[in-house]
Amino acid sequence: MWLPALFLVLGLILGFLTNITIPDIYANYLSIAVLAALDTLFGGIRAQLEDKFDQKVFITGFFFNVSLAAFLAFLGVQLGIDLYLAAIFAFGVRLFQNLAIIRRLLLEKYRFIKK
Amino acid sequence: MKMNRLKNKEKLWISFICLIIGFMIAILFVTNQQTDQRDTRDLWEIRTSIKEEQESQEALYNEIATAEKVLQEYNGQSENQQISSLKESIGDLKENAGLTEKKGQGITISLKPLFSNKENNLEYPQLNAELLQLLVNELNDYGATDIALGNERIINISPIRDVNNNVYVNGSSIGDLPTTIYVLTSDSNNLMDHMEVSELRDYFALEDIRLEIKKVTELVLPAYDAPINLDGLKVLDSIEEGEE
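Note that the coordinates shown come from a computational prediction; the quantities given were computed from them, not determined experimentally.

Quick word on the confidence of the model for chain B
Of the residues in chain B, 90% reach a pLDDT of 70 or more, and the chain-wide mean stands at 81. Scored as a whole, the predicted complex attains pTM 0.47, and scored at its interfaces, ipTM 0.83.

Regarding the UniProt feature "transmembrane region" (unreviewed entry) in chain A
Residues and elements named next belong to chain A. Those places that UniProt annotates as "transmembrane region" (unreviewed entry) correspond, in this numbering, to residues 29–45, 57–77 and 83–106. Here residues 29–45 is 100% helix and 0% strand, with 24 Å between the C-alpha atoms at its ends. For residues 83–106, the helix share is 100%, the strand share is 0%, and the end-to-end C-alpha distance is 35 Å.

Some points on the sheet that holds strand 1 (residues 102–113) of chain B
All names here are of chain B. The strand order across the open sheet formed by 5 strands is 3-2-7-1-8, and the pairing between neighbours is antiparallel. Among the strands making up the open sheet, the edge pair consists of strand 3 (152–154) and strand 8 (209–221). Each strand axis lies, on average, 25° off the axis of its neighbour in the sheet, ignoring direction. Those strands touched by helix 5 (residues 188–197) are strand 1, strand 2 (144–149), strand 7 (179–185) and strand 8, and its axis lies near 170° from that of strand 8.

Considering the UniProt feature "coiled-coil region" (unreviewed entry) in chain B
UniProt records the feature "coiled-coil region" (unreviewed entry) for residues 50–77 of chain B in the present numbering. Counted over residues 50–77 of chain B, helix gives 93% and strand 0%. Its end C-alpha atoms are 41 Å apart.

Looking at the sheet that holds strand 5 (residues 166–169) of chain B
Residue and element names in this part refer to chain B. Taken in spatial order, the 3 strands line up as 4-5-6 in an open sheet, and their pairing is antiparallel. On the outer flanks of this sheet lie strand 4 (160–163) and strand 6 (172–173), each paired with one strand and no other. Here helix 4 (residues 129–141) sits on the sheet in contact with strand 4 and strand 5, set at roughly 170° to strand 4.

Section: the packing of aromatic side chains
Following the criterion strictly, the structure yields 5 aromatic pairs over all chains and no others. Aromatic pair A:Phe16 and B:Phe29: ring centres 5.5 Å apart, planes at 85°, arrangement edge-to-face. One end of the pair, A:Phe16, is in helix 1 (residues 2–18); the other, B:Phe29, is in helix 1 (residues 8–33), on a second chain.

About the criteria used
Residues numbered from 1 in each chain as written. Chains lettered and ligands numbered in written order. Predicted model: local features only at pLDDT ≥ 70, side-chain atom pairs only at ≥ 80, totals over all residues. Heavy atoms only, no water. pLDDT = per-residue confidence, 0-100. UniProt positions renumbered as here; feature names shortened; annotations may be inferred. Helix = DSSP H or I, 4+ residues; strand = E, 2+ residues; numbered from the N terminus. Pairing = 2+ DSSP bridges. Axes fitted to C-alpha atoms, helices over the stretch in contact; angles between N-to-C directions. Contact = heavy atoms within 4.5 Å. Phe/Tyr/Trp six-rings, centres within 6.5 Å; stacked < 30°, edge-to-face > 60°.

See the structure below:
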């Protein structure tokens, strides 16, 4: 568990140190991509806790979701429809669901250990 | 722990994805933290702009003061006096709009053909509207109060246009060169100096026109005689920006 967390921190440090900024017009795409990535990550953690984790599903899901979200945002900009809202909604709902399930699973585990 | 059941390779993959996520979040954060516009003016520039603002404030105060004075005059007068002061106001407004003749000191600028710089030049130099517009703009910039092109008084809405190789001002031709521009100003010397060193001389020279500038103590500008058409103007209903 500590290795992914360490890498997360490492990524954050790397990002802050390189001080890369992207143009404002692309910030939307990146924010959607970040949301998709977080969704995949929490989905992965949940699957792990449920003993259903599949590495291939996780990795393909990550890249597919991120690119799909960015593509959806792009399509929305081209068509003049705020399609990125759809992506935000879908990912947001899933994120909260996954978090709720993770919380319950952890609680159960805690009770189990206590007994 | 269940996590320990993961193979090392899988762990590495997940860590790698965490790395990417962290990187993305950091970039997004840095991008959003950026201040978009920084005020990079130094002390002197800020002082200058403060001074400009103060000057415009002062001008506005003066305007308010005159308006209030007029209002007081209206209020404290009998009907006859009110009528006469209204007439006075109308006269003032007419003078400002350019509907009356105006006398004063100023300069004259004669536009004359310039034949020296080309050999075998058989073409007679032509005036064009663009140059005249530039000239009028520059005169206004340097403190001209009233301008007349030939016999045509320039008012706020005077058009200067090219029509069939003729320059039309206020809808009528001002004829061929030579022609004279009459300018009223409060500071003739200043305006003359500015015009003497202006780049406009070069622009006019390119069209084979030379400028002869003279100072005149007593000038009379003709009145604008055509009706002023304000059909295009509308009263703005919405509150303008900056007002409350």
